[in-house]
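Now for the letters of each chain:
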Amino acid sequence: MTVAVYPGSFDPITNGHIDVATRASKLFDKIIIAVYDTPNKHVVFTTEERVELAKTAVASLPNVEVVSFNSLIVHFAREVNAQVMVRGLRMSADFEREFEMAMMNKKLYPELELVCFMASQDYQFLSSTLLKEVASLKGDITDLVPECVAEAIKRKVITKM
Ligand code: ADP
């Protein structure tokens, strides 16, 4: 059985993340979306909120589960017996950082294989950060996130303006 971890901040989960998880779920037996508890950046949603939104967003994918983690991703991957780590690559933003992290992770856990999915055309320029910015200025984000996330953003980001 091939288990893949898909780590990230997911603050909040977007259709870009869901697209990657859906595609990965067709290749691997089990996908664990691993929500990083203490990412190295400011988060708007709590860990519990990020996990709950991600769970709702992937509820229709039977082999995808969502948990939080608070350690090195390679340690978490070992704990859950994952052989694969999934990441998404957008055209401009991600390559160098992903390459750097991939090299470090390979050093720490050589058996873990990284599989990167090219972001789909519709989501190339979609990031959680940009999404929150657009939402805070009352831009329409309905095509970019599931309904539960759009509502959560409305409550959290827009009403705080
Ligand atoms: P991190 O904090 O690790 O960057 P994110 O939650 O931003 O985590 O993203 C998790 C993973 O999903 C990363 O590999 C990121 O490149 C990828 N990703 C983010 N947005 C998209 C998107 N629109 N399309 C494809 N992959 C994406």
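Just above sits the structure.
Model, not experiment: these values are computed from the prediction.

**Some points on the overall build of the protein**
Then comes step 1: Looking only at helices and strands, the protein has six helices and five strands in total.
Then comes step 2: Taken from the N to the C terminus, the helices and strands of the protein come in the order β-α-β-α-β-α-β-α-β-α-α.
Then comes step 3: Expressed as lengths along the three principal axes of its C-alpha atoms, the size of the protein is roughly 45 × 30 × 30 Å.
Then comes step 4: Buried positions account for 47% of the 161 residues belonging to the protein.
Then comes step 5: A fraction of 78% describes how many contacts in the protein between residues 6 or more apart in sequence connect residues 24 or more apart.
Then comes step 6: In the form shown here, the protein has an accessible surface area of approximately 9100 Å², with 55% of it arising from carbon and sulfur atoms.
Then comes step 7: Side chains of the protein carry 18 positive and 21 negative charges; the gap between the two charge centres is 3 Å.

**Notes on unusual backbone geometry**
Then comes step 1: The peptide bond linking Asp11 to Pro12 adopts the cis configuration, its omega dihedral lying at 0 degrees.
Then comes step 2: Mapped onto the fold, Pro12 is located in the loop between strand E1 (3-8) and helix H1 (15-27).
Then comes step 3: In this model, Asn81 sits at a positive phi of 60 degrees, which is unusual for a non-glycine residue.
Then comes step 4: Within the secondary structure, Asn81 sits in the loop between helix H3 (73-79) and strand E4 (84-89).
Then comes step 5: Residue class for Asn81 comes out exposed when judged on its relative accessible area of 56%.
Then comes step 6: The phi torsion at Lys138 lies on the positive side, around 70 degrees, for a residue other than glycine.
Then comes step 7: With respect to the helices, strands and loops of the structure, Lys138 is situated in the loop between helix H5 (128-136) and helix H6 (147-158).

**So, helix H4 (residues 95-108)**
Then comes step 1: Helix length check: H4 (14 residues) gives 20 Å between terminal C-alpha atoms against 20 Å at 1.5 Å per residue, within 8%.
Then comes step 2: Along H4, the positions that sit buried rather than exposed are Glu98, Ala102 and Asn105. Looking down the long axis of H4, one finds its buried residues gathered within 70 degrees of arc, a one-sided arrangement. Seen from the open side of H4, the exposed residues pointing more than 90 degrees away from its buried face are Glu96, Glu100 and Lys107.
Then comes step 3: Next to the buried residues of H4 lie H3, E4 and strand E5 (113-118).

**Focus: the packing of aromatic side chains**
Then comes step 1: Scanning the model with the defined rule gives four aromatic pairs in all.
Then comes step 2: Here the aromatic rings of Tyr36 and Phe69 are separated by 5.0 Å at their centres, their planes lie at 20 degrees, and the arrangement is stacked. Here the residue Tyr36 occupies a position in strand E2 (residues 30-36), and Phe69 occupies one in strand E3 (residues 64-69), the gap between them amounting to 33 residues.
Then comes step 3: Looking at Tyr36, the relative accessible area reads 28%, which means it is partly exposed.
Then comes step 4: On the basis of an interplanar angle of 35 degrees and a centroid distance of 5.3 Å, the ring pair of Phe69 and Phe76 is categorised as tilted.
Then comes step 5: For Phe69, a relative accessible area of 7% gives the class buried.
Then comes step 6: Aromatic ring contacts, followed pair by pair, group Tyr36, Phe69 and Phe76 into a single cluster.
Then comes step 7: Positioned above the aromatic ring of Tyr109, the side-chain terminus of Arg78 is 4.2 Å from the ring centre.

**Overview of the environment of Val5**
Then comes step 1: Tracing the backbone through its elements, the reader meets Val5 in strand E1.
Then comes step 2: Classification of Val5 by relative accessible area gives buried; the value is 0%.
Then comes step 3: Leaving out residues up to four positions away in the same chain, Val5 has contacts with Ile32, Ile73, Phe76, Ala77, Val80, Ala82, Val84, Met85 and Val86.

Calculation notes
- Residues numbered from 1 in each chain as written.
- Predicted model: local features only at pLDDT ≥ 70, side-chain atom pairs only at ≥ 80, totals over all residues.
- Heavy atoms only, no water.
- Helix = DSSP H or I, 4+ residues; strand = E, 2+ residues; numbered from the N terminus.
- Buried < 20%, exposed > 50% of the residue type's maximum accessible area, 1.4 Å probe, protein only.
- Contact = heavy atoms within 4.5 Å.
- Areas by Shrake-Rupley, 256 points an atom, 1.4 Å probe, with all protein chains shown as cover.
- Lys, Arg positive; Asp, Glu negative; His and termini not counted.
- Charge placed at Lys NZ, Arg CZ, Asp CG, Glu CD.
- Expected span 1.5 Å × (residues − 1).
- Arc of directions from axis to C-beta.
- Phe/Tyr/Trp six-rings, centres within 6.5 Å; stacked < 30°, edge-to-face > 60°.
- Lys NZ or Arg CZ within 6 Å of the ring centre and 35° of its normal.

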